[in-house]
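Here is what each chain is made of, one letter per residue.
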Amino acid sequence: MNPLIEFCVSNLADGSQEVKEELEKNPDIDVQEWGCLKHCGLCSIKNYALVEGERIYADSPKELLQKIYDYLEEEQLV
């Protein structure tokens, strides 16, 4: 089973869209977009995603992508 990475549609509009698009290129990762992930305080100030339910956040899309891949590697999910 592939690891699941979830994005809030509002956060995508604030810069995480490029991270989502990059992750979707990887066939070993499942990416899901939701209307809201109920992390509004974080969503309004940082780029973030849920990776297997774990909040991963960063100051930039590039940093977020790197942190997601680092987390996946650390947890041996890919």
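Anything mentioned here points back to the structure above.
So, a few notes on the structure that sits alongside this text.

Analysis parameters
Residues numbered from 1 in each chain as written. Predicted model: local features only at pLDDT ≥ 70, side-chain atom pairs only at ≥ 80, totals over all residues. Heavy atoms only, no water. Salt bridge = Lys/Arg side-chain N within 4 Å of Asp/Glu carboxyl O. Buried < 20%, exposed > 50% of the residue type's maximum accessible area, 1.4 Å probe, protein only. Helix = DSSP H or I, 4+ residues; strand = E, 2+ residues; numbered from the N terminus. Patch = residues over 30% accessible without salt bridge, like charges linked within 9 Å, V, L, I, M, F, W, Y side chains within 5 Å. Areas by Shrake-Rupley, 256 points an atom, 1.4 Å probe, with all protein chains shown as cover. Lys, Arg positive; Asp, Glu negative; His and termini not counted. Charge placed at Lys NZ, Arg CZ, Asp CG, Glu CD. Pairing = 2+ DSSP bridges.

### Some details on the pattern of salt bridges
In this structure the tally under the stated criterion is five salt bridges. A salt bridge links lysine 25 to glutamate 22; the shortest N-O distance between them is 3.4 Å. Look at lysine 25 and you get exposed, because its relative accessible area is 63%. As a salt-bridge pair, aspartate 59 and lysine 46 come within 2.6 Å of each other at their nearest N and O atoms. A residue pair is termed long-range when its members are at least 10 positions apart, and aspartate 59 in the loop between β4 (54-58) and α3 (61-74) and lysine 46 in the loop between α2 (40-43) and β3 (47-51) qualify at 13 residues. Linked through salt bridges whose partners overlap, the residues forming this network are Lys20, Glu24 and Glu33.

### A word on unusual backbone geometry
Unusually for a residue other than glycine, glutamate 52 sits at a positive phi of about 50°. For glutamate 52, the position within the fold is in the loop between β3 and β4. Of note, the phi angle at glutamine 76 is positive, near 55°, even though the residue is not glycine. Within the secondary structure, glutamine 76 is located in the segment after α3.

### Overview of a negative patch on the surface
A grouping of Glu54, Asp70, Glu73, Glu74 and Glu75 is seen on the molecular surface, where their side chains present a negatively charged patch. Looking at the negative patch, the element that brings in the most residues is α3, giving three residues. A residue is classified by how much of its surface remains accessible, and aspartate 70, at 32% relative accessible area, is partly exposed.

### Notes on the pairing of β4
In this sheet, β4 lies alongside β3 in antiparallel orientation, the contact comprising five bridges. Looking at β4, one finds that alanine 49 is bridged to isoleucine 56. The loop that links β3 with its antiparallel partner β4 comprises two residues; one of these, glutamate 52, has a positive phi angle of about 50°.

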